[in-house]
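# Chain and residue survey
This is what each chain is made of:
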Amino acid sequence: MDNYAQSSLELHLFFGRIMKEHSFFLEVGYTKANPEFIKEASEFKGKFEDLLYDVICCSQRVVSEEIFESGEVVTEFTLEAERQTSMLTGSALDENVTILEEKLWNNIAQGKRANCDCDLSVMITRINRRCLELLDGLISFKERTLDNVLSCKMFTVNYPLLIEHIIREAKLYQMYVRKLEEGMVDTKEDMKNVELFWNQIMMEHALFIRGLLDPTENELIMTADDFAHQYALLLTEARNMTDRTMESVTDKTLEETKKYRDFKKAGTKGIEECNIRSIILPLLADHVLREANHYIRILEQK
């Protein structure tokens, strides 16, 4: 039960926020030609914020400090990134979720663990089932958006590849929650599949960053392009990975991802401080930084 509770809550603390932000990026990417899509994206954003409130309520007793120390839930930039992004887009973000998560982290670090005023097993099962229902809807919504974009029935500022990218992440989240509800809490993942998935994600982040930087940011564009190239090579190596070579490839991936994390961290700081020319929202910069932090934790654990 403890593993089920911890695994579920830590999964939601990371991925629930990612889904909330996916909904937000879709919302602000549509035009006035599609007001119904703007409204639906905003509703998904609100539903994932509501889910996170329940997750935070139950987390104090069981989640590890490591999930926060990794920087995958919140970073030192997250709250300010939300405030700036909300101001820049005119679309609301509930920053109280971030404030509560920072408070949760502080309490856990100080050993202040309070019991949840609920039946934890029942509450988590409800959260997981509610999450699966939300994910069914969000995945369908993303796929409808992609179909409309690819058939030239809709314009959005989000790349088609970015929409495919966030569909894959939602399906991964969905798979993990389903496994938890099927009792597969301690099932070991195939590291090859993990690295293939996340190396693809990291490579695409570099491609997005490259494409969203102002053309005058030559040095940053070249650096992003180099990271895209390095992850393409790591993808090739991971596809050819065997049990004997897996550890060396994982070590190489971890080393590259730490360098990439540092690049993203500097970029997030530069965007928040208005020192980088781009069309990258501060929250998008922080979003991809948290995903790199998440991947680093996975690689270090393996």
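Residues numbered from 1 in each chain as written. Predicted model: local features only at pLDDT ≥ 70, side-chain atom pairs only at ≥ 80, totals over all residues. Heavy atoms only, no water.

## Some words on the overall build of the protein chain
Along its length, the protein chain carries 11 helices and zero strands. Listing each helix as α and each strand as β along the protein chain from the N terminus yields α-α-α-α-α-α-α-α-α-α-α. Expressed as lengths along the three principal axes of its C-alpha atoms, the size of the protein chain is roughly 55 × 50 × 40 Å. By the burial criterion, 53% of the 302 residues in the protein chain qualify as buried. Counting only contacts in the protein chain whose residues sit at least 6 apart along the sequence, the fraction spanning at least 24 positions is 84%. Carbon and sulfur atoms provide 51% of the accessible area of the protein chain, an area that totals close to 14,100 Å². Mean positive and mean negative side-chain charge positions of the protein chain (37 and 53 charges, respectively) differ by 2 Å. (Helix = DSSP H or I, 4+ residues; strand = E, 2+ residues; numbered from the N terminus. Buried < 20%, exposed > 50% of the residue type's maximum accessible area, 1.4 Å probe, protein only. Contact = heavy atoms within 4.5 Å. Areas by Shrake-Rupley, 256 points an atom, 1.4 Å probe, with all protein chains shown as cover. Lys, Arg positive; Asp, Glu negative; His and termini not counted. Charge placed at Lys NZ, Arg CZ, Asp CG, Glu CD.)

## Thoughts on the packing of aromatic side chains
In this structure the tally under the stated criterion is 16 aromatic pairs. The ring of Phe-44 carries Lys-47 above its face, with NZ or CZ at 5.8 Å from the centroid. If you follow Lys-264 out to its NZ or CZ, it ends over the ring of Tyr-260, 4.3 Å from the centre. (Phe/Tyr/Trp six-rings, centres within 6.5 Å; stacked < 30°, edge-to-face > 60°. Lys NZ or Arg CZ within 6 Å of the ring centre and 35° of its normal.)

## A word on the pattern of salt bridges
Per the stated rule, a full pass over the model turns up 24 salt bridges. Of the charged contacts in the structure, one is a salt bridge between Arg-83 and Glu-95, with a shortest N-O distance of 3.0 Å. One end of the pair, Arg-83, is in helix H4 (residues 78-89); the other, Glu-95, is in the loop between H4 and helix H5 (96-109), and 12 residues separate them in sequence. Residue classification places Glu-95 among the partly exposed residues on the basis of a relative accessible area of 27%. (Salt bridge = Lys/Arg side-chain N within 4 Å of Asp/Glu carboxyl O.)

## Quick look at the nonpolar core
Core analysis: the biggest nonpolar cluster contains 91 residues, and Phe-15, Met-19, Tyr-173 and Trp-198 have the highest contact counts within it. A per-element tally of this core places helix H6 (residues 120-150) first, with 13 residues. Apart from the residues within four sequence positions on either side, Trp-198 is in contact with Phe-14, Phe-15, Glu-169, Leu-172, Glu-291, His-294, Tyr-295 and Ile-298. (Core = buried A, V, L, I, M, F, W, Y, C linked by side-chain atoms within 4.5 Å.)

## Things to note about the packing of helix H2 (residues 35-59) against H5
Running from N to C, H2 and H5 point in directions that differ by 15°, and their axes come no closer than 10 Å. Considering the angle they form, H2 stands roughly parallel to H5. The two elements H2 and H5 cross, and the hand of that crossing is left-handed. Between H2, through Glu-49, Leu-52, Tyr-53, Ile-56 and Ser-59, and H5, the contact on the second element is made entirely by Asn-96, Val-97, Leu-100, Glu-101 and Leu-104. Grouping the constituent residues of the contact of H2 with H5 by class yields six nonpolar, two polar and two charged. (Axes fitted to C-alpha atoms, helices over the stretch in contact; angles between N-to-C directions. Parallel < 35°, antiparallel > 145°, perpendicular 65-115°, else oblique. Left-handed = near helix turned anticlockwise from the far one by under 90°. Nonpolar A, V, L, I, M, F, W, Y, C, P; charged D, E, K, R; others polar.)

## Quick word on the environment of Gly-267
If you trace the backbone, Gly-267 turns up in helix H10 (residues 246-272). Owing to a relative accessible area of 19%, Gly-267 belongs among the buried residues under this scheme. Considering only alpha carbons, one finds Gly-267 and Ile-280, 13 residues apart in sequence, at a separation of 9.9 Å.

## Some thoughts on the layout of surface pockets
Estimates place the volume of the second largest pocket at around 330 Å³. In terms of lining, the second largest pocket is formed by 25 residues, of which the most central are Ile-209, Ile-280, Leu-284, Ala-285 and Val-288. Of all elements in the fold, only helix H1 (2-29), helix H7 (160-181), helix H8 (191-212), H10 and helix H11 (282-301) reach the threshold of two or more residues within the lining of the second largest pocket. The element that contributes the greatest number of residues to the lining of the second largest pocket is H10, accounting for six residues. Grouping the constituent residues of the lining of the second largest pocket by class yields 16 nonpolar, six polar and three charged. (1 Å grid on protein atoms, 1.4 Å probe; cavity = no way out; pocket = protein on both sides within 12 Å on 5 of 7 lines; lining within 4 Å. Points joined across faces, edges and corners; volume = space filled by probe spheres on them.)

## Here's the deal with H2
Counted at 1.5 Å a residue, the expected span for H2 with its 25 residues is 36 Å, and the 36 Å between its end C-alpha atoms agrees. The complete set of buried residues in H2 reads Phe-37, Ala-41, Phe-44, Lys-45, Phe-48, Glu-49, Leu-51, Leu-52, Val-55, Ile-56, Cys-58 and Ser-59. (Expected span 1.5 Å × (residues − 1).)

## Overview of helix H9 (residues 218-239)
Each full turn of the α-helix corresponds to 3.6 residues, which orients residues three or four apart in the same direction. In this model, H9 (22 residues) spans 32 Å end to end at C-alpha, consistent with the 32 Å of a helix rising 1.5 Å per residue. Restricting attention to buried positions, one finds in H9 the residues Ile-221, Ala-224, Phe-227, Ala-228, Tyr-231, Leu-234, Leu-235 and Ala-238. Taken down its axis, H9 places every buried residue within 145° of arc, on the same side. In this structure, H9 carries Glu-219 and Met-222 as exposed residues pointing more than 90 degrees from its buried face. (Arc of directions from axis to C-beta.)

## Considerations on the environment of Pro-160
Positionally, Pro-160 belongs in helix H7. Note: C-alpha distance between Pro-160 and Thr-145 (15 residues apart in sequence) is 9.1 Å. Not counting chain neighbours up to four residues away, the residues in contact with Pro-160 comprise Leu-146, Val-149 and Leu-150.

## Quick word on the packing of H4 against H11
Close contact between H4 and H11 brings their axes to 7 Å; oriented N to C, the two are set at 145°. Of the residues in H11, those touching H4 at Thr-78, Ala-81, Glu-82, Gln-84, Thr-85 and Leu-88 are Pro-282, Leu-283, Asp-286 and Arg-290. By residue class, the composition of the contact of H4 with H11 is four nonpolar, three polar and three charged.

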